[in-house]
Amino acid sequence: MRAFSCVLEEGDALLEFAGFGGSGLQAMIQTENLGKRYGRFAAVAALDLRVARGDVLALLGPNGAGKTTSMRMIAGFLRPSTGHARVCGHDVVREPLAARRALGYLPEGAPSYGELSVAEFLAFAARVRGLTDISGARRVDDMVERLQLQPVLAQGIDTLSKGFRRRVCLAQALLHDPPALILDEPTDGLDPNQQREVHALIRGMAHDRAIIVSTHSLDEVRAICNRVAILADGQLRVEGTPAELESRSRYHRAVSFRAPASALARELLARLPEVETVEVDPVSSWVTVFPRAGQDIFHAVVALLEAQRVRVEELRLEHGRLDDVFRQITRAAEPLPAVAA
Ligand code: ATP
């Protein structure tokens, strides 16, 4: 665990904010009882989040779960009905300027000022951020290069493709090199090559920043996030590392294999005392053998397949599946099993 300091100027005072990686003493982004009501409807309720330096937290949830509302409140663009949000120790309502200085925010959708060219927009964004000297111009150049915006610099924002608009927006969010980042669906509309580039960019920045990313892509979670929070109906339903969440899936410690003509073997596998059930995916033909709670079935399954001389083409021990956990949590009716030891 490595200490760090993020020094921010506020008036004449120099505030030194201490944070720690992983289970940090003080989080760089923190919410307490954060909530937003629209009349009697609670879009977000009692949200408690702590994001430390080095964390990339994925905010997941079905459409309408409250991800964007939460992010807009943390970014200071939407006034909470209850609770607080702090960025590098600054309350986003009571100290909005200091909080915004420490935060880069990529909102949903496209940038405003669509009539400006990309170059004009980024120069404007740099001025708004107080980056007026040569170092500001260098930051713009750096972002243009990292997000590969050279081909569209002279083009009007309104005329850009969706992917380029997203990249311009991301460049704007990163211009002032903030220690905390809120990225609402950063790769929405990007082609697979650009998604990889943005993932590499986020991974490269993560070690000395606290980052929240909302996404609908579980591949994206695996690519860049070390923590996951799942919202449903405005409430935080579960939070942990991807591995912790995977261990709560019914696929945890299941054995999957692909083999032709294995009907008899499947029947025999289903009769093993430590096996709960055997399922076949009708599309991929993969067979999955699910263990009874707490059972380790790997060696028994392999031994039976060998004894039956099944020609296995592929075989794997499952860690668990995030999509399965997501489905269980957001369907609400199905209780989640406890985290496996
Ligand atoms: P998505 O995945 O579709 O982007 P989300 O998780 O980001 O969804 P939010 O946009 O935060 O969800 O919306 C949460 C809930 O709050 C939704 O039911 C939405 O309709 C509602 N909501 C958002 N803004 C308002 C508003 N201004 N007035 C009333 N309800 C609102």
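For the structure, see preceding data.
Since the model is a prediction, treat every value here as computed from it, not as a measurement. (Residues numbered from 1 in each chain as written. Predicted model: local features only at pLDDT ≥ 70, side-chain atom pairs only at ≥ 80, totals over all residues. Heavy atoms only, no water.)

## Comments concerning the overall build of the protein
Then, in step 1: Looking only at helices and strands, the protein features eleven helices and 16 strands.
Then, in step 2: Taken over 341 residues, the protein has a buried fraction of 47%.
Then, in step 3: For the protein, restricting intrachain contacts to residue pairs at least 6 apart in sequence, the fraction spanning at least 24 positions comes to 67%.
Then, in step 4: Put simply, the protein shows about 17,000 Å² of open surface, and 50% of that area lies on carbon and sulfur atoms. (Helix = DSSP H or I, 4+ residues; strand = E, 2+ residues; numbered from the N terminus. Buried < 20%, exposed > 50% of the residue type's maximum accessible area, 1.4 Å probe, protein only. Contact = heavy atoms within 4.5 Å. Areas by Shrake-Rupley, 256 points an atom, 1.4 Å probe, with all protein chains shown as cover.)

## Regarding the sheet that holds strand 5 (residues 56–60)
Then, in step 1: Within the open sheet, the six strands sit side by side as 8-9-10-5-11-12. Their pairing is mixed. The sheet terminates laterally at strand 8 (103–106) and strand 12 (235–240), the two strands that pair on one side only. When the angles between neighbouring strand axes are averaged without regard to direction, this sheet yields 15 degrees.
Then, in step 2: Pairing geometry for strand 5 and strand 10 (residues 210–214), over four bridges, is parallel. The residue of strand 10 that forms the bridge with Ala58 is Val213.
Then, in step 3: With respect to the sheet, helix 5 (residues 162–174) is in contact with strand 8 and strand 9 (180–184), its orientation differing from that of strand 8 by roughly 170 degrees. (Pairing = 2+ DSSP bridges. Axes fitted to C-alpha atoms, helices over the stretch in contact; angles between N-to-C directions.)

## Observations concerning the packing of aromatic side chains
Then, in step 1: Enumeration over the complete set of coordinates arrives at two aromatic pairs.
Then, in step 2: On the basis of an interplanar angle of 35 degrees and a centroid distance of 5.2 Å, the ring pair of Phe77 and Tyr105 is categorised as tilted. Here Tyr105 lies in strand 8 and Phe77 lies in the loop between helix 1 (67–74) and strand 6 (82–87), a separation of 28 residues in the sequence.
Then, in step 3: Consider the rings of Tyr251 and Phe290, whose centres lie 5.0 Å apart with planes at 65 degrees: the pair is edge-to-face. Of this pair, Tyr251 sits in the loop between helix 8 (242–246) and strand 13 (255–258) while Phe290 sits in strand 15 (residues 287–291), and the two are 39 residues apart along the sequence. (Phe/Tyr/Trp six-rings, centres within 6.5 Å; stacked < 30°, edge-to-face > 60°.)

## Observations concerning the site of the ligand
Then, in step 1: Taken together, 14 residues form the shell around the ligand, and within it Gly64, Gly66, Lys67, Thr68 and Thr69 come nearest.
Then, in step 2: Between the ligand and the protein, one listed contact pairs an oxygen atom with a backbone N or O atom of Ala65 at 3.1 Å.
Then, in step 3: At a separation of 3.4 Å, an oxygen atom of the ligand approaches a polar side-chain atom of Glu108.
Then, in step 4: Expressed as a share of its isolated accessible area of 640 Å², the protein-covered part of the ligand is 62%.
Then, in step 5: If you list the elements that add at least two residues to the shell around the ligand, you get strand 4 (41–51) and helix 1.
Then, in step 6: Of all the elements, helix 1 adds the most residues to the shell around the ligand, at three residues.
Then, in step 7: Class assignment for the residues of the shell around the ligand results in five nonpolar, six polar and three charged. (Near = heavy atom within 4 Å. Polar contact = N/O pair within 3.5 Å; in protein donor to acceptor, adjacent residues only side chain to side chain. Nonpolar A, V, L, I, M, F, W, Y, C, P; charged D, E, K, R; others polar.)

## Observations regarding the pattern of salt bridges
Then, in step 1: A full pass over the atoms with the stated rule returns 19 salt bridges.
Then, in step 2: Note that Asp219 and Arg222 form a salt bridge whose closest N and O atoms lie 2.9 Å from each other. Within this pair, Asp219 and its partner Arg222 are both found in helix 7 (residues 218–224), separated by three residues, close to a single helical turn.
Then, in step 3: A relative accessible area of 57% means that Asp219 is categorised as exposed.
Then, in step 4: According to the relative accessible area criterion, Arg222 is partly exposed, its value standing at 44%.
Then, in step 5: With a closest N to O distance of 2.5 Å, Arg227 and Glu239 form a salt bridge. Linking Arg227 in strand 11 (residues 227–232) with Glu239 in strand 12, this pair joins segments that are twelve residues apart in sequence.
Then, in step 6: What makes Glu239 partly exposed here is its relative accessible area of 35%.
Then, in step 7: In this structure, a network of salt bridges that share partners links the residues Arg139, Asp142, Arg146, Asp177, Asp208 and Arg209. (Salt bridge = Lys/Arg side-chain N within 4 Å of Asp/Glu carboxyl O.)

The values reported here are purely geometric and, on their own, carry no functional implication.
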